[in-house]
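For reference, the chains in residue letters:
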Amino acid sequence: MVVCEKNVLLLLFAKRKMDRFMWTNGLLEMNETLVIQQRGVRLYDGEDKAKLDVGGVVLSTHRLLWRDQKNHECCICIPLSQVIFFEEQAAGIGKSAKIVIHLHPAPENKEPGPYQHSKYSYIKLSFKEHGQIEFYRRLTEEMTQKRWENTPVSQPIPTGTGPKAGRTRAVGIVGIERKLEEKRKETDKNISEAFEDLSKLMEKAKEMVELSRSIANKIKDKQGDITEDETIRFKSYLLSMGIANPVTRETHGSGTQYHIQLAKQLGDMLQAPLEERGGMMALTEVYCLVNRARGMELLSPEDLVNACKIFESLKLPLRLRVFDSGVMVVQLQSHSEEEMIASALDNVSDKGSLTAEEFAKLLGLSVLLAKERLLLAEKMGHLCRDDSVEGLRFYPNLF
Amino acid sequence: MSFEWPWQYNFPPFFTLQPNVDTRQKQLAAWCSLVLSYCRHRKLYTLDVLEAQESPVFNNKKIERKLSVEAIQVVFEELRKKGNLEWLDKNKSRCLIMWRRPEEWGKLIYQWVSKNGMVNSVFTLYELANGDDTEKEEFHGLEDWMLLRSLQALQTDGKAEIITVDDGKGVKFF
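Given the structure is predicted, the values throughout are model-derived calculations rather than measurements.

This part covers the overall build of chain B. Helix and strand content of chain B: six helices and eight strands. Helices and strands appear in chain B in the N-to-C order α-β-α-β-β-α-β-β-α-β-α-α-β-β. Residues classed as buried in chain B amount to 44% of the 174 residues present. Here the contacts in chain B between residues at least 6 apart in sequence split such that 54% fall between residues at least 24 apart. Summed over all atoms, the accessible surface of chain B reaches about 9600 Å², with 48% contributed by carbon and sulfur.

Laid out in structure tokens, this is it:
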């Protein structure tokens, strides 16, 4: 509001009071709390009625705010730190009770407010609808506690530093929501970046696998140029990376260190059980036996098979054998197949004929192995079969 | 005279087609000879496959075993390869069983003819197969188609000639 001309000189020396007010959007800051509000309050610039209409006054932990009742957009505030002291002014006839608030001078870089200049050093709040007693009490409390000093807000308290550049003022619930959204976006970005690295890694891994495959093939082709030792080392690198090398699968002469050790261990461990079971055990039986004994650090089926495949090359007294039907067994090297078949023939001849189950029971073998032995004897021409609704029986081959 | 079954007939594995190749060969040989001797005994010249399944040859009730249809087909194929069997239809449901081949029949007939000094005589087919004179002979009752084939075999050898006599066929021996 423009001061009238006759007060221009006074103005130059006048302490600006009403001009302490700043425009505000009326929202509380993060750490700012509402203390009390009262409607029906008119502002006075010193003794003069302010140009503004009647509105509502709000006291917070940090500021004194006033909002126009008719035009809610019009909202001004003043930091409590600007208050020097305040006092009550009793109501009179035709006059409402008031609270007079004396203020510090406005700082040079104060944000714009409704008044550029003011000649008074104090303002008045006129409580048209009462409520001044409680308001006064709460104002006293706040001024005593000075809570704004403990919990600073990012509101532009004139301290020489304006609001942080680029950062929108976040106040109230909207502020909280906005902060959460920012945080979420940040997390998202981090995750995407991390996965970018992962996808790059996977590309590299693919290249590596291709490379190692091509090298493995080259080794296969140029068998003579590369020493056995190097080949074994290379294959062990591949295996440790989890790449199954096609070379090892075919030429199970050379295995990795792990399989070699494992094979030796199996050689020791299986001697006794094999002898108990007549020199032969199905690979599944071996698997169960070995893992039960180990307790921890169980063997995978693949490792077991790979270890068994190199028994012969390590000159261990065990052999891995695969029957026509695909059944795999571990047997003692001393185990002689001819003997087994001859004895099978004797057994069958004795009884006239035998089924696989009967034969298994007779020898204390598993049915699976018993059948394999009978089938082998049939293959050699010692036995023939009788296949009927009663089941499969084996007879001595009288043909 | 009752038929004498071979020892295999009472051996259960005989009725299961053996997977072992060597064993199977021996088994099939035994089957062929059994089928032929049975047919000779019963003077069967044709066989129907479906009927055969129930015939005692392929079905031994005593040991409760019988040869499967697939196995019977295998046996018949074996007979065909040997020249003892001829399919009468494309579906392989009926066949001719030649437990004696035409050449062998021809020889037998010619032996009888020459033994009785009837070379250069003429016979009707009926006389040969069903005449009183041939009653004791093995070829008595020989079915026409087989008789004809036998005589054709002799004809090829130059020992006979098939001619037309009255309204049928006849043969002249040389």
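Structure shown, so let's carry the discussion forward.
For the rest of this paragraph, the subject is the interface of chain A and chain B. The interface is formed by 15 residues belonging to chain A together with 15 residues belonging to chain B. With both sides pooled, the region where chain A packs onto chain B buries about 1300 Å², and carbon together with sulfur makes up 61% of that total. Considering only the side of chain A, the residues that lose the most area to chain B are Arg385(A), Leu398(A) and Phe399(A), jointly responsible for 49% of the buried surface there. Summed over the shared surface of chain A and chain B, the result is two salt bridges.

Pairing between side chains becomes possible if they bear opposite charge and their charged atoms approach one another. Within this structure, the stated rule accounts for 24 salt bridges over all chains. Put simply, Glu141(A) and Arg137(A) hold a salt bridge, and the shortest N to O gap is 3.2 Å. Of this pair, Glu141(A) and Arg137(A) are both found in helix H2 (residues 132-145), four residues apart, which corresponds to roughly one turn of the helix. When its relative accessible area of 31% is taken as the criterion, Glu141(A) is described as partly exposed. Across the salt bridge formed by Arg94(B) and Asp48(B), the nearest N and O atoms sit 3.9 Å from each other. Of this pair, Arg94(B) sits in strand E5 (residues 94-97) while Asp48(B) sits in strand E1 (residues 46-48), and the two are 46 residues apart along the sequence. The structure contains a network of salt bridges with shared partners spanning Glu134(A), Arg137(A), Arg138(A) and Glu141(A).

Calculation rules
- Every chain is numbered on its own, with residues counted from 1 as its sequence reads.
- Note on labels: chains are lettered from A, ligands numbered from 1, in written order.
- Per-residue local features of the predicted model are confined to residues with pLDDT of at least 70, and side-chain atom pairs are confined, for both listing and counting, to 80 or more; whole-chain, interface and lining totals are unaffected and use all residues.
- Just so you know, side-chain values use all the structure's heavy atoms and leave hydrogens and water out.
- Going along the chain from the N terminus, every DSSP run of H or I of four or more residues is numbered as a helix, and every run of E of two or more is numbered as a strand.
- To sort residues, take the accessible area from a 1.4 Å probe on protein chains only and compare it with the maximum for the residue type: under 20% means buried, over 50% means exposed, and anything in between is partly exposed.
- Residue contacts are counted whenever heavy atoms from the two residues lie within 4.5 Å of one another.
- Each accessible area is a Shrake-Rupley estimate made with a 1.4 Å probe; only the visible protein chains count as cover when residues are assessed.
- Summed over both partners, the accessible area lost on bringing two parts together, with a 1.4 Å probe, is the buried area.
- Salt bridge, as applied in this entry: a Lys or Arg side-chain nitrogen positioned within 4 Å of an Asp or Glu carboxyl oxygen.

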